[in-house]
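Residue strings, one per chain:
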Amino acid sequence: MELTKDQTRKIERFLNNNNITYVDIRLETYDHIVTDIEEKIETQNMSFDNAFSTVTNSWKRHIKETSSFYFGMHYDAPKMVIEKAKKSFKKFYFLYMLAYFFPLVFIQYLKVPIVIDVVNTIFPLIQIIGVCATFFFIFLMIKKWKSKEKTTYSFILRTQTASLTFGLIITCKFLFTDIIDDVSTNAIWIAFNFAFLTSAYIYYTFYKKHIEALKTYKIS
């Protein structure tokens, strides 16, 4: 059987009330709920209200608000959004950690000469790239804010916006203070710069995924 408009609107309200407003999650969830309700009405001779109650109750554990240490415990979203976001973001999280701890380990603690020499050579360029990345980060944030639709990837982007603070610090230090001459004595600052560049790369990657998701679901 096919559900009436009033019945489908009730499903829509259920999704809205439970923050299932992420387009890449919402459409799939809506289709599953409709299919499950229609099946119960046809095969178990349930009324719509009973079928609706049964199906939506079974979905509550998937849509309850939760968080993850990958994004910060103060960023909540439905569990199914968090789970999908974690699958997409996990490898980037470890890339970010690697970018930060690599300079600390190899420069500050192990004092590997070849690493120190290479970083000494390229660090002035790294700082310039960091300044450019800051303005690029701001550009992407503005473009993302203009898009009112939400995806799992826009949730990830929202959790990464604090990284811009690091870019602004890097930019101010580059423009108004002396450039570092010896990286071996500034491993923490080196790590700070590498971590921000990685953050900018992550933000760009998930911004592209957000736009691609909107195109996939034909949302401009």
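Now for a quick tour of the structure. The residue numbering used here restarts from 1 in each chain and proceeds along that chain's sequence as written. Thresholds applied to this predicted model are a pLDDT of at least 70 for local features of residues and 80 or more for the giving and counting of side-chain atom pairs; totals over whole chains, interfaces and linings are not thresholded and use all residues. For side-chain calculations, the full set of non-hydrogen atoms in the structure is used, while hydrogens and water are omitted.

For the rest of this paragraph, the subject is the nonpolar core. If you look at the biggest cluster of nonpolar residues, it comprises 61 residues, and the most contacted ones within it are Ile-11, Ile-33, Ile-37, Phe-89, Phe-155, Ile-156 and Phe-206. The dominant element in this core, judged by the number of residues it contributes, is helix 8 (residues 187–216), at 14 residues. Throughout, nonpolar core names a set of buried Ala, Val, Leu, Ile, Met, Phe, Trp, Tyr and Cys residues whose side chains join them through atoms within 4.5 Å. Burial classification: accessible surface area is computed with a 1.4 Å probe over protein chains only, and a residue below 20% of its type maximum counts as buried, one above 50% as exposed, and the rest as partly exposed. A run of H or I in DSSP counts as a helix once it spans at least four residues, and a run of E counts as a strand once it spans at least two, with each numbered from the N terminus.

Our next topic: the pattern of salt bridges. Think of a salt bridge as a Lys or Arg side-chain nitrogen and an Asp or Glu carboxyl oxygen that are within 4 Å of each other. Taken as a whole, this structure holds 5 salt bridges when the rule is applied. In this structure, Arg-26 and Glu-12 form a salt bridge, with 2.3 Å as the shortest nitrogen-oxygen distance. Separated by 14 residues along the polypeptide, Arg-26 in helix 2 (residues 23–43) and Glu-12 in helix 1 (residues 5–17) bring together distant segments of the chain.

Attention shifts here to the layout of surface pockets. Here a cavity means grid points, on a 1 Å grid over the protein atoms only, where a 1.4 Å probe fits yet cannot get out; a pocket means an open set of points with protein on both sides within 12 Å along at least five of seven lines; lining residues are those with an atom within 4 Å of a point. Grid points are joined across faces, edges and corners, and a volume is the space filled by probe spheres set on the points. Considered as a void within the structure, the largest pocket measures approximately 250 Å³ in volume. Lining the largest pocket are 16 residues; nearest its centre among them are Tyr-70, Tyr-96, Thr-159, Gln-160 and Ser-163. When contributions to the lining of the largest pocket are tallied by element, the ones reaching two or more residues are strand 2 (72–78), helix 4 (79–109), helix 6 (152–160) and helix 7 (163–176). Looking at the lining of the largest pocket, the element that brings in the most residues is helix 4, giving 4 residues.

With that out of the way, let us pick up helix 8. Each turn of an α-helix holds 3.6 residues, which means side chains three or four residues apart point in the same direction. Look at helix 8: 43 Å from first C-alpha to last across 30 residues, which is about the 44 Å you get at 1.5 Å a residue. Phi turns positive, to about 55°, at Lys-218, one or two residues after helix 8. A helix is expected to span 1.5 Å multiplied by its residue count minus one.

With that settled, consider the packing of helix 5 (residues 113–146) against helix 8. Axis lines are fitted through C-alpha atoms, for helices just across the contact stretch, and the angle between N-to-C directions can take any value from 0 to 180 degrees. Following both chains from N to C, one finds helix 5 and helix 8 inclined at 35°, their axes separated by 9 Å at the closest point. At the point where helix 5 passes helix 8, the crossing takes the left-handed sense. Amino acids outside the nonpolar list (Ala, Val, Leu, Ile, Met, Phe, Trp, Tyr, Cys, Pro) and the charged list (Asp, Glu, Lys, Arg) are all regarded as polar, and Gly is one of them. Residue classes in the contact of helix 5 with helix 8 are distributed as 17 nonpolar, 5 polar and 2 charged. Each crossing gets its handedness from the near helix: less than a right angle anticlockwise from the far helix is left-handed, clockwise is right-handed.

We now examine the packing of aromatic side chains. How two aromatic rings sit relative to each other is given by the distance of their centres and the angle of their planes. In this scheme Phe, Tyr and Trp rings, the latter by its six-membered ring, pair at centre separations within 6.5 Å, and the angle between planes marks the pair as stacked below 30 degrees, edge-to-face above 60, and tilted otherwise. Tallied over the entire structure, the rule returns 22 aromatic pairs. Note on Phe-137 and Phe-196: the rings are 6.1 Å apart at their centroids and 25° apart in plane angle, and the pair reads as stacked. Here Phe-137, found in helix 5, pairs with Phe-196, found in helix 8; they are 59 residues apart in sequence, far enough to count as distant. Between Phe-137 and Tyr-203, the ring centres sit 4.5 Å apart and the planes meet at 35°, which makes this aromatic pair tilted.

This next bit is on the side chain of Ser-88. On the secondary structure map, Ser-88 appears in helix 4. Judged by relative accessible area, Ser-88 falls into the buried class, the value being 17%. Only heavy atoms matter for contacts: two residues are in contact if any of them lie within 4.5 Å across the pair. Those residues in contact with Ser-88 that lie beyond four places of it in its chain are Tyr-153, Ile-156 and Phe-206.

Before going further, it helps to examine unusual backbone geometry. Notably, Asn-19 is not glycine yet its phi reads approximately 65°, a positive angle. Within the fold, Asn-19 resides in the loop between helix 1 and helix 2. For Asn-19, a relative accessible area of 23% translates into the label partly exposed. The backbone phi angle of Asn-45 is positive, close to 55°, even though this residue is not glycine. Mapped onto the elements of the fold, Asn-45 is located in the loop between helix 2 and helix 3 (48–63).

Compared with the 20 Å implied by 1.5 Å per residue over 14 residues, the 20 Å span of helix 7 between its first and last C-alpha is a close match. For helix 7, every residue scored as buried is listed here: Ser-163, Leu-164, Gly-167, Ile-170 and Thr-171. What you see down the axis of helix 7 is that its buried residues fit within an arc of 115°, all on one side. Elements in contact with the buried residues of helix 7: helix 5, helix 6 and helix 8. This arc is taken over the directions from the axis of the helix to the C-beta atoms.

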